[in-house]
Amino acid sequence: MPFKFVEDIAMADVAFEATGKTLKELFESSASAAIESMANPKTVKPKIKKTFRKKAKDIDGLLFEFLEELIYLKDRFAIVFHDVKVKVDEEKMTVQAVITGDKIQPEKQELRQDVKAVTMHYYTVVKRKYWKANVVLDI
Amino acid sequence: MNRDVPLPEFERKGEVIWDIPVSYKKGMRVPGRIYASEKLIKSMDLTVYDQLTNVACLPGIQNHALCMPDAHSGYGFPIGGVAAFDPDSGVISPGGIGFDINCGMRLVTTNLKLKEVMPKLRPLVDLLFQQVPAGVGCKGFVKLTATEFRKVMEDGAKWCVENGYGWDEDLERMEDYGCIEHADQSKVSDRAVGRGINQLGTLGSGNHYLEIQQAGKIFDKKTAEKLGIFSEDQICVMVHCGSRGFGHQVGTDYLKLFSEIMPKYDISVPDRELACAPFKSKEGQDYFHAMACAANAAFVNRQVILHRIRECFHKIFEKKPEEMEMHLVYDVAHNTAKLEEHRIDGRMKEVVVHRKGATRCFGPSRSELAPMFRKIGQPAIVGGSMETGSYLLVGTDKSLEETFGSTAHGSGRTMSRTQARNEVSGESLLKELEKKGIYVRTTSYSGLAEEAGFAYKPISEVVDVMDVAGISKKVVAFKPIGNIKG
């Protein structure tokens, strides 16, 4: 399922709407939006692999924690991302993620914005026919 | 951007002052007040009014919720927002400060003239681009252990001077002497330290930059000379950046905490990004002390960058920085919350002043200023787009009566990042800028396009509003000639 960047929400920042038939799809499409904001994933080789697990009280909090971890890893290890795969357990309210990426190399990668944070501005995660999340990233 | 926000019926209180009365929205405790020309207020996006009046609903707010003329919609608070809260009945909100705690500006003089610098501009900008890392997740050269980093966050910029990254005189030329004393590293997470430990001396991205500028026009010769600017072909350097991943994580940690604890304090907010805690609560105080660490990190970051700038000039011009009179003019914060004394209902009292995309510009009477500024007022550096230039202002005592001693911080966006990218490619903008005599290096062409001059308000109109209002006075306008864009 796709994501799209939304223009009409945050003038100086990046807003996106991500969708998914399942929570796995929602999390992966949200991750795609976040990692595309930082660098073109097609220009990032999958040389480094990291895994992490997050737990929260609800889906809303779980997606926030998950996206926030991507931004943390970007700064902590100076990496940008190629791909993210997840397993979401709605009962235990956990997400298990495997990310691939590479050390930041401006001469080899198409770098974009240094995302500072996931904001709670107009932040929503809802399920109707399918899952949908609205997220604003601080740039 | 306008999302069903009704246009307020403004009460015009002066040539550039527009009030939104408390009747505009249920729950407003004070009026909203916007500083703008007629032209600027007509072009302001309506979400600003919604966000400003949301701020006016927060507990303990004093006098007015304020917006500077460069205001645009942000998250929670508008960018360009100023709000003061009673420390006993009021709140502190990370959304009123921004994730980039103590994002700020720094201006450095040289005694070099345009004709001396132009022949060496390209190697100078290229060397600075190499020595001051910019862009996504960039790492700096300062290597510290986690324990050392935590101490630096409490010591602020004096650590830099003690360790060879600055001159003694630099400290008195920074807001709060480059160190907020109530910083308490025990209130900061390991996660924040891990995120920021390798980033001292880096610009980041977004609208952050390092710029070589020519002092284009001097408005107030006497004040300019006191600040070290003597002629219109003098070369200066301006830096815009903040506390990097460390500050961003402090903001994130406490935003999450405050979202959880608001029900405990019976606080509800119309936008989750306005999450807040009573200032005197344990959580509120913990954030206040952690935020001071992040503010100190930003002072250190910009000081390490100044050290690199001096090194680069030394290498290119083969003169000592002292010989080139590379003095810091000032370092100002524009994303902070501070306990300050202001006049409320006719008497002086302590309030928690939030400035989010707004610059402190105290008048000469304030004892917080170093003695050298007590006759001219606090310098305020207002950064424009990389095409339109920037300004050096000084604060007035009138600002203390009207805006809690605050003025604008930049041009203010009028166009989203996506829209700017659709209008121009980074590659063609780079060529256009070069034709205009501005040599730019960047790590991101898309990021460069997003910062095109047409995406911002005209900066001269912004600073004119605050000049007309008597809040801050124009001293020097600067023209860019070289830019490093994150």
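Here is what the cut-offs are and how they apply
- Residues numbered from 1 in each chain as written.
- Chains lettered and ligands numbered in written order.
- Predicted model: local features only at pLDDT ≥ 70, side-chain atom pairs only at ≥ 80, totals over all residues.
- Helix = DSSP H or I, 4+ residues; strand = E, 2+ residues; numbered from the N terminus.
- Rg over C-alpha atoms; globule rule 2.2 N^0.38 Å.
- Axes fitted to C-alpha atoms, helices over the stretch in contact; angles between N-to-C directions.
- Left-handed = near helix turned anticlockwise from the far one by under 90°.
- Contact = placed C-beta atoms within 7 Å.
- Nonpolar A, V, L, I, M, F, W, Y, C, P; charged D, E, K, R; others polar.
- Pairing = 2+ DSSP bridges.
- Core = buried A, V, L, I, M, F, W, Y, C linked by C-beta atoms within 7 Å.
- Buried ≥ 20, exposed ≤ 12 C-beta atoms within 10 Å, placed from the backbone.
- Expected span 1.5 Å × (residues − 1).
- pLDDT = per-residue confidence, 0-100.

K.L.:
Help me out: how do you make sense of the overall build of chain B in this one?
P.N.:
Of the regular secondary structure elements, chain B holds 15 helices and 19 strands. For chain B, whose C-alpha radius of gyration is 21 Å, the value lies close to the compact-globule estimate of 23 Å for 486 residues. Dimensions of chain B, computed from C-alpha atoms along their principal axes, come out at roughly 60 × 50 × 45 Å.

K.L.:
I tried to follow the packing of helix 4 (residues 121–131) of chain B against helix 10 (residues 282–317) of chain B on my own but got confused; where do I start?
P.N.:
Residues and elements named next belong to chain B. One way to put it is that helix 4 packs onto helix 10 with a least axis distance of 10 Å and a crossing angle of 145°. Handedness of the helix 4/helix 10 crossing: right-handed. Listed contacts from helix 10 to Pro123, Leu124, Leu127, Leu128 and Gln131 of helix 4 are Arg308, Ile309, Glu311, Cys312, Lys315 and Ile316. When the residues that make up the contact of helix 4 with helix 10 are grouped by side-chain class, the tally is seven nonpolar, one polar and three charged.

K.L.:
Sorry if this is basic, but what is going on with the environment of B:Ile484 here?
P.N.:
In this structure, B:Ile484 sits in strand 19 (residues 472–485). Leaving out residues up to four positions away in the same chain, B:Ile484 has contacts with B:Val125, B:Leu128, B:Phe129, B:Val132, B:Ala134, B:Leu203, B:Tyr209, B:Leu210 and B:Arg441.

K.L.:
Help me understand the sheet that holds strand 3 (residues 48–55) of chain A, please; the structure alone is not making it clear to me.
P.N.:
Consider a sheet: its strands pair through backbone hydrogen bonds, and that pairing is either parallel or antiparallel. Residues and elements named next belong to chain A. Taken in spatial order, the three strands of this open sheet run 3-5-4, and their pairing is antiparallel. With one partner strand each, in any of the chains shown, strand 3 and strand 4 (79–89) form the two edges of the open sheet. Neighbour-to-neighbour, the strand axes of the sheet open up by a mean angle of 20°, direction not taken into account. Examined bridge by bridge, strand 3 and strand 5 (residues 94–103) share eight bridges and lie antiparallel to one another. Its bridge partner lying in strand 5, lysine 49 is registered against threonine 100. Running over the sheet, helix 2 (residues 59–76) touches strand 3, strand 4 and strand 5 and is turned about 145° from strand 3.

K.L.:
Honestly, the environment of B:Glu350 in this entry has me stumped. Any pointers?
P.N.:
All names here are of chain B. Among the secondary structure elements, glutamate 350 is positioned in strand 13 (residues 347–356). Remark: the alpha-carbon pair of glutamate 350 and alanine 275, spanning 75 residues in sequence, is separated by 22 Å. For glutamate 350, the residues in contact, after removing those within four places along its chain, are Pro87, Leu339 and Glu341.

K.L.:
Explain the nonpolar core to me, please; I cannot follow it from the model alone.
P.N.:
Nonpolar side chains in soluble globular proteins generally cluster together in the buried interior. Residue and element names in this part refer to chain B. Of all hydrophobic cores here, the largest spans 213 residues; its most connected members are Val250, Met291 and Ala294. Per element, the largest residue contribution to this core is 18 residues, and it comes from helix 10. Setting aside its immediate chain neighbours within four residues, valine 250 contacts Ile101, Val188, Ala192, Ala290, Met291, Cys293 and Ala294.

K.L.:
What exactly am I supposed to notice about helix 1 (residues 23–38) of chain A here?
P.N.:
Residue and element names in this part refer to chain A. End to end, helix 1 covers 23 Å across 16 residues, agreeing with the expected 22 Å (1.5 Å per residue, within 8%). Among the 16 residues in helix 1, twelve count as buried, and that is most of the element. Here helix 1 has its buried residues at Leu23, Leu26, Phe27, Glu28, Ser29, Ser30, Ala31, Ala33, Ala34, Ile35, Ser37 and Met38. Packing partners of the buried residues in helix 1 comprise strand 1 (3–6), strand 2 (14–20), helix 2, strand 4, strand 5 and strand 8 (131–138).

K.L.:
Looking at this structure, how should I read the environment of B:Gly32?
P.N.:
Residues and elements named next belong to chain B. On the secondary structure map, glycine 32 appears in strand 3 (residues 32–35). Sequence separation between glycine 32 and threonine 147 is 115 residues, and the spatial gap between their C-alpha atoms is 44 Å. Excluding its chain neighbours within four sequence positions, the residues that come into contact with glycine 32 are Asp19, Ile20, Leu52, Thr53, Ala56, His64 and Ala65.

K.L.:
Is there a simple way to think about the confidence of the model for chain B in this case?
P.N.:
Detailed reading of the predicted model is not advised wherever pLDDT is low. Mean pLDDT over chain B stands at 95; residues scoring 70 or higher make up 99%. Across the interface, the model reports ipTM at 0.93; the global pTM reads 0.96.

K.L.:
What is the right way to read the pairing of strand 9 (residues 234–241) of chain B from this model?
P.N.:
Taken residue by residue, a regular strand's side chains alternate between the two faces of the sheet. Residues and elements named next belong to chain B. Among the eight residues in strand 9, eight count as buried, and that is most of the element. Here strand 9 shows a buried face lined by Gln234, Cys236, Met238 and His240 and a second buried face lined by Ile235, Val237, Val239 and Cys241. As paired strands, strand 7 (residues 104–113) and strand 9 are joined by seven bridges and run antiparallel to one another. By the bridge assignment for strand 9, methionine 105 is matched with histidine 240. Across six bridges, strand 8 (residues 209–218) lies against strand 9 in antiparallel orientation. Bridge pairing links glutamate 211 to methionine 238 in strand 9.

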